Amino acid sequence: MGERKRLALHWRIMIGLGLGALVGIVLNLTWGPYTWGALGVGDPAAYRKGRPALRAEAPPADPGPAISWLDGEIGQYSPGRGASGLPRPQNAYTGRVVDWFLRDLFGAPSPDSLQETPASENRDGQPALDWLRTQVASTLETLRNPNASLRALRPLQAPVDASLSREVGWLVAQLEQARLDPGEGRVVSTANSEAGPVAAVPRFVGNLNEFIGKLFIRSLQFIAVPIVLFSLVVGASSLGDLRKLGRIGGKTVGIYITTTAIAISVGLVLATVVRPGSFVPESTRDRVASDYLGEAAQRLGEAQGRRSAWDVLLDVMPKNPFEALARGEMLQVVFFSIILGVGLTMLPRERGGPVIRMFDALNDVVIRLVHAIMLAAPYAVFALLVKVVAELGLDVLRALIAYSLVVIGGLAIMALVVYPLGLRLLAGVGYRRFFRAIAPAQLLAFSSSSSNATLPVTLECAQERLGVSEEVSSFVLPLGATVNMDGTALYQGVATVFIAQMFNLPLPFSDQLMIVLTATLASIGTAGVPGVGLLMLIIVMQAVNMPTAVMTVGVATILGVDRLLDMCRTTVNVTGDLAVCTVVARSEGELASEQDVVARLQGRDMLDDDQSTAESPD
C-alpha cells in the first residue's frame, strides 16, 4: 500500500476556519428570529438553552416585520358586533414581538375579556381601531428611521378614556401571547409552545456545535497549567546557573515592554492620522451605543474596582501555590515553577535528579496530550467560528467600519512588518520560517480569543516547529501570555483616540504619552482571556481623565465589534510572544537551525507512521 501524505496541521486548521466563517456568514444572513418563528419558536434564546420562555423585558431584535404584520391586519379589520377579533400571527416570533408591543395596555388578558364584544352599546369600535392604527403607524415610522434605536421604542400605554380603553382591550386580547399560570397566578409566555420536532433539530445542531468548541477550549485550558508547571520546572532546574535565569528574564521583560510601547504608538499614530471618530455621526453613535449601555456600565464598574500597580506586583507571589494552580493564576504559577526549579538546582544531583526526571517525564506526557488534542483542532475551529460569525452584528460593523479597519490595519503592521523586521535583524529568522512554524498557534488564537487557552499550542509551535529550546520557551511564553499584550495595547490606543474624536475631546501630546505608559503597565498581570481588553481600555481612559458618561457611551459604542477585534488582537498577542521568544532564544544560543527542525519533524512523522502501521491490521 502506497504512502499516504497528510495535510499539514496549519492547512487543516485554516480549512476549518474558512468553512466555519463561510457557514457563519450564511447563517448570519439567512437564519434569524423569524426563521425560528416559522418553526414555532418565539423566544430563540430561551429555547436553545431549554429555559422557560418569559415575556420580553426589552425590545425584541428586529421588531419591524412583526409591527408591519400588525399594521396590515389592523388595516384589514372591520370592527362591529359579532366580529371575531384580530387573528393570531402564524409566525411565533411575530407573536412574541406583538405581545411585547401590546402587553402594557392591559396586562394579562382575563378569560372573560376574550369573549367580550368589541364595542359598547354607544360605540361601534371604530375609534379604538383608529387609535391603535395611529400608534402602530407611529412605531413603524420610528423603525424606518435608519438612525433610530430599539431602546427608544416603548410598549403602548392604554388610552386615558375608560370606554376607549375597554374597546382597545378587546382588540388586543386576541393577540396577547400569554396565559395565566394557574399554580402561581403569574403571566408566562407561550412563545415556544408550538415548537416541535423540526425546531429541535437546529437546536440540537447548534448546541452540539457550541459544545464542541467549548470542550476544545476547556481541553486546552485543562492542559495549560500542567504544561507550564512541568516544562518551567525542568527548564529552570536544567539551567544550573541563576545568572543565566536572571539574564533571560531581563531580556524577556525588556523586549516585551518595548514591543508593547511600539504597538501603542502605532495605534495612536494611525488613529490620529485617519481620525476614525469623525466618520461616526452623533445619531449613529447613540443608536449603536444604546443597545450596549447596560454592559458598558457593568464593565466600567469592574474596571473601577481594579487593584493598584503595587498590588499587581505583590500578587506575583502566591499566598498558596496550590491555590494558584487550582485557580489557573498563570503569573503565580510561573513564579512558583521557577522557584521550585531553582530550589531543585540547589540540591545535590543524586537527590534532585529523580524529581527533575519525574517532571521531565510528566512534561513529555503533557506534550503528547497536546498532540492528541490538536487532532481535533480543525473541527473545533470550525465550531468556534460558526458561532462567532453567525452572531456578529453586521449593522454595527458597518457603522464602525472605519474604526475596525484602523485597528486591524495597526495589528497587521505589527504582525507583518514590526515582528518580521525584528526577527530578521535580531535573530536571523526569515519571514517564511517564522509564520509557517507558528501558524497553528495563530489560527487557534484567532478562534479562541484567549492567549492562555492557546498557550499549550504556542509552546508546541516554539519547541517543535521553531526550534526554541525548552528552557527558554517554557519561561518566555507563559510570561508573555500574561504580561505581553501588544495587540490589546494597540487596540487601546486606537479606541481611546476614537472615543475622544467622537466627543470632540482634545488629546494633547502629554495625554498620548500617558496612554502609552498606562497601557503598557496595565498589560502586566492581566489575564489572557476573552474580553479583558475592555477592562484595560477603561483604565487607560481613566488615566487621561475622560468623563464617566463619555467612557460609558464610548465603550458601549465599540462593544458590538469587540469580539471580532478581540480575535484579531489575540492573534497579534500570540505572534508577539513567539517573536520575542525566538529573539531571546537566538541571543542565548538556544535556537535550532531550520535544517535541524525539519529533520526532527520528519523523524517524528516517520515514527508516528511506523506506530500507526504497526497498530493497523493488514
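Residues numbered from 1 in each chain as written. Predicted model: local features only at pLDDT ≥ 70, side-chain atom pairs only at ≥ 80, totals over all residues. Heavy atoms only, no water.

Peer 1: Is there a simple way to think about the overall build of the chain in this case?
Peer 2: A tally of regular secondary structure across the chain gives 27 helices and 2 strands. Across the 618 residues in the chain, those meeting the buried criterion constitute 51%. If you take every contact in the chain between residues at least 6 apart in sequence, the share linking residues at least 24 apart comes to 86%. Per element, the accessible surface of the chain, about 28,900 Å² overall, is 60% carbon and sulfur. (Helix = DSSP H or I, 4+ residues; strand = E, 2+ residues; numbered from the N terminus. Buried < 20%, exposed > 50% of the residue type's maximum accessible area, 1.4 Å probe, protein only. Contact = heavy atoms within 4.5 Å. Areas by Shrake-Rupley, 256 points an atom, 1.4 Å probe, with all protein chains shown as cover.)

Peer 1: Even after reading the chapter, I still don't get unusual backbone geometry, so can you show me in this structure?
Peer 2: Trans is the common state for peptide bonds, and a negative phi is the common state for residues other than glycine. Even without glycine at this site, N504 takes up a positive phi of about 55°. Checked against the element boundaries, N504 lands in the loop between helix 22 (486–502) and helix 23 (509–522). Phi at N545 is positive, roughly 60°, even though this residue is not glycine. As for its position among the elements, N545 is in the loop between helix 24 (532–543) and helix 25 (548–558).

Peer 1: Which parts of the structure should I look at to understand the packing of helix 20 (residues 451–466) against helix 21 (residues 470–483)?
Peer 2: For any two helices packed against each other, the geometry is given by the interaxial angle and the distance between the axes. Between helix 20 and helix 21, the shortest axis-to-axis distance is 10 Å and the interhelical angle comes to 155°. Classed by the angle they form, the pair helix 20 and helix 21 counts as roughly antiparallel. Crossing geometry of helix 20 relative to helix 21 is assigned as right-handed. Across the interface between the two elements, S451, N452, L455, T458, L459, A462 and Q463 of helix 20 pack against E470, S473, S474, L477, P478 and A481 of helix 21. (Axes fitted to C-alpha atoms, helices over the stretch in contact; angles between N-to-C directions. Parallel < 35°, antiparallel > 145°, perpendicular 65-115°, else oblique. Left-handed = near helix turned anticlockwise from the far one by under 90°.)

Peer 1: When you look at the packing of helix 9 (residues 242–274) against helix 21 in this model, what are you seeing that I'm missing?
Peer 2: Contact geometry of helix 9 with helix 21 gives a least axis separation of 11 Å together with a crossing angle of 35°. Remark: the crossing between helix 9 and helix 21 carries right-handed chirality. When helix 9 is examined against helix 21, the residues K244, L245, I248, G249, T252, V253 and Y256 are found in contact with a partner set consisting of E471, V472, F475, V476, L477, L479, G480 and V483. Counted by class, the contact of helix 9 with helix 21 contains 10 nonpolar, 3 polar and 2 charged residues. (Nonpolar A, V, L, I, M, F, W, Y, C, P; charged D, E, K, R; others polar.)

Peer 1: What should I look at first to understand the packing of aromatic side chains in this one?
Peer 2: For any pair of aromatic rings, the description consists of the separation of the ring centres together with the inter-plane angle of the planes. Scanning the model with the defined rule gives 9 aromatic pairs in all. Ring centres of W36 and Y47 lie 5.9 Å apart, and the angle between their planes is 65°; on these two criteria the pair is classed as edge-to-face. Here W36, found in helix 2 (residues 33–38), pairs with Y47, found in helix 3 (residues 44–49); they are 11 residues apart in sequence, far enough to count as distant. On the basis of relative accessible area, Y47 is assigned to the buried category, the value being 8%. Ring pairing ties together the aromatic residues W31, W36 and Y47, which thus form one cluster. Across the ring face of Y47, the terminal group of R203 is positioned such that the distance to the ring centre comes to 4.1 Å. The side chain of R569 reaches across the aromatic face of Y491, ending 3.8 Å from its centre. (Phe/Tyr/Trp six-rings, centres within 6.5 Å; stacked < 30°, edge-to-face > 60°. Lys NZ or Arg CZ within 6 Å of the ring centre and 35° of its normal.)

Peer 1: Could you clarify how one ought to interpret the pattern of salt bridges in this entry?
Peer 2: Once their charged atoms are close, side chains differing in charge can pair, the charge on each being opposite to the other. With the rule as written, the count across this model stands at 9 salt bridges. The partner of D130 in a salt bridge is R133, with the nearest N and O atoms 3.5 Å apart. Residue D130 and its partner R133 are both found in helix 6 (residues 126–144); the two are separated by 3 residues, about one turn of the helix. The salt bridge involving D562 is made with R569; its shortest N-O contact spans 3.1 Å. R569 sits in the buried class, given a relative accessible area of 1%. What emerges from the salt-bridge pattern is a single network uniting R247, K251 and E588. (Salt bridge = Lys/Arg side-chain N within 4 Å of Asp/Glu carboxyl O.)

Peer 1: Please explain a nonpolar patch on the surface as it appears in this structure.
Peer 2: Side chains of L7, W11, M14, I15, L19, L22 and V26 sit close together on the surface and give an oily, nonpolar patch of about 660 Å² of accessible area. What makes W11 partly exposed here is its relative accessible area of 46%. (Patch = residues over 30% accessible without salt bridge, like charges linked within 9 Å, V, L, I, M, F, W, Y side chains within 5 Å.)

Peer 1: Would you explain helix 14 (residues 330–346) in this entry?
Peer 2: Given 3.6 residues per helical turn, the α-helix brings residues three or four places apart onto the same face. When the terminal C-alpha atoms of helix 14 are compared, their 25 Å separation across 17 residues agrees well with the 24 Å that a helix rising 1.5 Å per residue should span. Along helix 14, the residues classified as buried are M330, L331, Q332, V333, V334, F336, S337, I338, G341, V342 and L344. (Expected span 1.5 Å × (residues − 1).)

Peer 1: Looking at this model, I keep getting lost on the environment of R357. Mind explaining?
Peer 2: Here R357 shows up in helix 15 (residues 349–374). Judged by its relative accessible area of 57%, R357 falls in the exposed class. Put simply, R357 and V234 are 123 residues apart on the chain and 8.2 Å apart in space, counted from C-alpha to C-alpha.

Peer 1: Help me out: how do you make sense of the environment of V333 in this one?
Peer 2: When you line up the elements, V333 lands in helix 14. Accessibility expressed as a relative area gives 1% for V333, which makes it buried. Not counting residues up to four positions away in its chain, the partners in contact with V333 are V225, V228, A324 and L325.

Peer 1: I'm lost on the side chain of Q463 in this one. Help?
Peer 2: Within the element layout of this structure, Q463 appears in helix 20. For Q463, a relative accessible area of 8% gives the class buried. Within the local environment of Q463, its side chain forms a polar contact with the side chain of S473, the two groups lying 2.9 Å apart. When neighbours within four sequence positions are excluded, Q463 is seen to be in contact with I367, V468, E470, S473 and R600. (Polar contact = N/O pair within 3.5 Å; in protein donor to acceptor, adjacent residues only side chain to side chain.)

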